[in-house]
Amino acid sequence: MRSIGKIKRRKKSAFETKAKLRRYTLAATAFLALFAIFAIAYYNIPALHQKEINGTVLKGILQENVVLPQSESSVKVSPGDTYVFDVYVQYSDKNGNSAKGELSDKSDLKMEFSDTSVCDRTAYNTIQFKTNAPNGTILTVTLNCNGESQTFRFIIAATLDATVGADGVLGNPSDPAVLVNAARILPSGYVPSGMTQPNIQFKSGVSDAGKYLCNDAAIAAEKLFTAAKNEGVILTAIKGYSDYSASDPEHQTGLALDVSSISVNYSTSSSFANSAQGQWLAQNAHLYGFILRYPSGKEGITGYAFSPSHLRYVGVQLATYLYENNLTLEELYAR
């Protein structure tokens, strides 16, 4: 049988334990309440809370907004160039003061590239184009941060001085986007490598040599002629490659092709532009990598008369860019 004294001591002990728990609970509640009051005051009373950002003092609770640069239709860069995206956080307080600051977590900024071979991401907001990035390459970069996104398009075009010597002789004659004109000539005796004869209709009497094109241009020409034929447009090739002695630098590249049709008696004059074949060519050549090298209204830029028959292969990406922006090769490389 338990003694009365032991039972009373146990009851007293249990009572004391509960009392201590209540005191601890009250103390903790009071502490949390005081902390909450202090926190609210700290962040809402300017006298108690302020932060300096890039020389500007902001007070109270700050609003933070990540700002991405606005997309641009196209940005022209040269191989080796560095491009910095102006990404920042806009801070503002209740008094209307604001300041720009950096992202607190730079890993929040994501970048997506259409082609990872032409540039490197050298910092969270910086890319550097490789020195061997091909001329005429189109690169799209999409920035993503906190649910916001912006897409940029870059066109890689070397400066004119970087691709020609003091004597006017080109240092990149095999470049599909090479700019050739009267002031920018090919090396004496230059013969393109890897030429082939495309399976297209040539006008009777064209020399065997004149039926050749560089391999990529030849493949593109076959696609162009086939597409035209499928739409009831019959084209005839007039001239492809010509050697250095012909003083025809565009054709010497193996990338140029003169085209006409029987409807204008195979003429390459401006009259071809008014034919069904000439109009189809002007509207569709870029889809297969060709441009009208000497367009109407650009004579003062190219230095050559309008020629609706003279096509120049530059690749689908670049041809489409030039067509959509109504640019010549001279304008592409102009700085």
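Residues numbered from 1 in each chain as written. Predicted model: local features only at pLDDT ≥ 70, side-chain atom pairs only at ≥ 80, totals over all residues. Heavy atoms only, no water.

Participant: Is there a simple way to think about the overall build of the chain in this case?
Facilitator: On a plain count of helices and strands, the chain comes out with seven helices and 18 strands. Counting all 335 residues of the chain, 41% fall into the buried class. In the chain, the share of contacts with a sequence separation of at least 24, taken over all contacts with a separation of at least 6, comes to 57%. Total accessible area on the chain is roughly 18300 Å²; 52% of this is exposed by carbon and sulfur atoms. (Helix = DSSP H or I, 4+ residues; strand = E, 2+ residues; numbered from the N terminus. Buried < 20%, exposed > 50% of the residue type's maximum accessible area, 1.4 Å probe, protein only. Contact = heavy atoms within 4.5 Å. Areas by Shrake-Rupley, 256 points an atom, 1.4 Å probe, with all protein chains shown as cover.)

Participant: In this structure, what is going on with the environment of Ala-228? I would like to understand it.
Facilitator: Mapped onto the secondary structure, Ala-228 falls in helix 2 (residues 215–230). Note: C-alpha distance between Ala-228 and Gln-277 (49 residues apart in sequence) is 8.4 Å. Once you skip the residues sitting within four places of it in the chain, Ala-228 turns out to touch Val-233, Leu-235 and Trp-280.

Participant: What am I meant to see in the packing of aromatic side chains here?
Facilitator: What describes a pair of aromatic rings is the distance from one ring centre to the other and the angle between the planes of the rings. Following the criterion strictly, the structure yields eight aromatic pairs and no others. Measuring from centroid to centroid gives 6.2 Å for Phe-85 and Phe-154, while their planes differ by 80°, and the two rings are edge-to-face. Of this pair, Phe-85 sits in the loop between strand 5 (82–84) and strand 6 (88–92) while Phe-154 sits in strand 12 (residues 148–156), and the two are 69 residues apart along the sequence. Accessibility assignment for this pair places Phe-85 and Phe-154 in one class, buried. Residues Phe-290 and Tyr-313 carry aromatic rings whose centres are separated by 5.5 Å and whose planes lie at 70° to one another, so their mutual orientation is edge-to-face. A residue pair is termed long-range when its members are at least 10 positions apart, and Phe-290 in strand 17 (residues 290–294) and Tyr-313 in strand 18 (residues 307–313) qualify at 23 residues. The two residues Phe-290 and Tyr-313 agree in class, both being buried. (Phe/Tyr/Trp six-rings, centres within 6.5 Å; stacked < 30°, edge-to-face > 60°.)

Participant: What am I meant to see in the pairing of strand 7 (residues 98–101) here?
Facilitator: The side chains of a regular strand alternate between the sheet's two faces. Side chains Ala-99 and Gly-101 project from strand 7 onto a buried face, and the interleaved Ser-98 and Lys-100 project onto a face without burial. When strand 6 meets strand 7, the two strands line up antiparallel, connected through four bridges. Counterpart to Tyr-91 in the pairing with strand 7 is Ala-99. In this antiparallel pair of consecutive strands, strand 6 and strand 7, the connection spans five residues, and Gly-96 shows a positive phi of 90°. (Pairing = 2+ DSSP bridges.)

Participant: Could you clarify how one ought to interpret the sheet that holds strand 4 (residues 75–77) in this entry?
Facilitator: As summarised here, the arrangement of the four strands in space is 4-12-11-8, forming an open sheet in which the pairing is mixed. The sheet is open, and its two borders are formed by strand 4 and strand 8 (110–113), each paired with just one other strand. Recorded for the sheet is a direction-independent mean angle of 30° between the axes of neighbouring strands. Taken together, the three bridges between strand 4 and strand 12 define a ladder with parallel strand orientation. By the bridge assignment for strand 12, Val-77 is matched with Ile-156. (Axes fitted to C-alpha atoms, helices over the stretch in contact; angles between N-to-C directions.)

Participant: Sorry, what's going on with the sheet that holds strand 18 here?
Facilitator: Pairing between sheet strands relies on hydrogen bonds along the backbone, with the strands arranged either parallel or antiparallel. On the basis of which strands lie adjacent, the open sheet formed by four strands has the order 15-16-18-17 and antiparallel pairing. At either end of the open sheet lies a strand with only one pairing partner, and these are strand 15 (236–239) and strand 17. Taking the axes of each pair of neighbouring strands and ignoring which way they run, one obtains an average angle of 45° across the sheet. Two strands pair when backbone bridges link them, and strand 16 (residues 256–260) and strand 18 are joined in this way by three bridges, in the antiparallel orientation. Counted as the bridge partner of Ala-256 is Arg-312 from strand 18.

Participant: How do you make sense of the environment of Thr-140 when you look at a structure like this?
Facilitator: Following the sequence through the fold, Thr-140 ends up in strand 11 (residues 138–145). We classify Thr-140 as partly exposed; its relative accessible area is 28%. Residues Thr-140 and Phe-113 lie 27 residues apart in sequence; the distance between their C-alpha atoms is 6.0 Å.

Participant: When you look at unusual backbone geometry in this model, what are you seeing that I'm missing?
Facilitator: As a rule of thumb, non-glycine residues mostly have phi less than zero, and peptide bonds are mostly trans rather than cis. Of note, Tyr-266 is a non-glycine position whose phi angle comes to about 60°, a positive value. Its place among the elements puts Tyr-266 in the loop between strand 16 and helix 4 (276–284). The partly exposed category is assigned to Tyr-266, whose relative accessible area is 26%. Positive phi, close to 55°, is recorded for Asn-326, a residue that is not glycine. In this fold, Asn-326 is placed in the loop between helix 6 (316–325) and helix 7 (329–333).

Participant: Can you walk me through the pattern of salt bridges in this structure?
Facilitator: Any two side chains of opposite charge can pair, so long as their charged atoms come close to each other. A full pass over the atoms with the stated rule returns six salt bridges. Residue Arg-293 is joined to Glu-250 by a salt bridge in which the shortest nitrogen-to-oxygen separation is 3.0 Å. Of the two residues, Arg-293 sits in strand 17 while Glu-250 sits in helix 3 (residues 249–252), which places them 43 residues apart along the sequence. The salt bridge partner of Glu-330 is Arg-293, with a shortest N-O separation of 2.8 Å. Here Arg-293 lies in strand 17 and Glu-330 lies in helix 7, a separation of 37 residues in the sequence. Classification of Glu-330 by relative accessible area gives buried; the value is 10%. (Salt bridge = Lys/Arg side-chain N within 4 Å of Asp/Glu carboxyl O.)

Participant: Honestly, the nonpolar core in this entry has me stumped. Any pointers?
Facilitator: Across soluble globular proteins, nonpolar side chains have a tendency to be buried as a group. Membership of the largest hydrophobic core comes to 32 residues, with the highest contact counts inside it found for Phe-225, Leu-235, Leu-257, Trp-280, Leu-281 and Phe-290. Residue assignment for this core shows that the elements contributing at least two residues are strand 14 (213–214), helix 2, strand 16, helix 4 and strand 18. Residues contacting Leu-281, with those up to four places away along its chain left out, are Leu-224, Leu-235, Val-259, Phe-272, Pro-308 and Leu-311. Grouped together as the second largest cluster of nonpolar side chains are 28 residues, Ile-53, Leu-58, Val-75 and Val-87 included. (Core = buried A, V, L, I, M, F, W, Y, C linked by side-chain atoms within 4.5 Å.)

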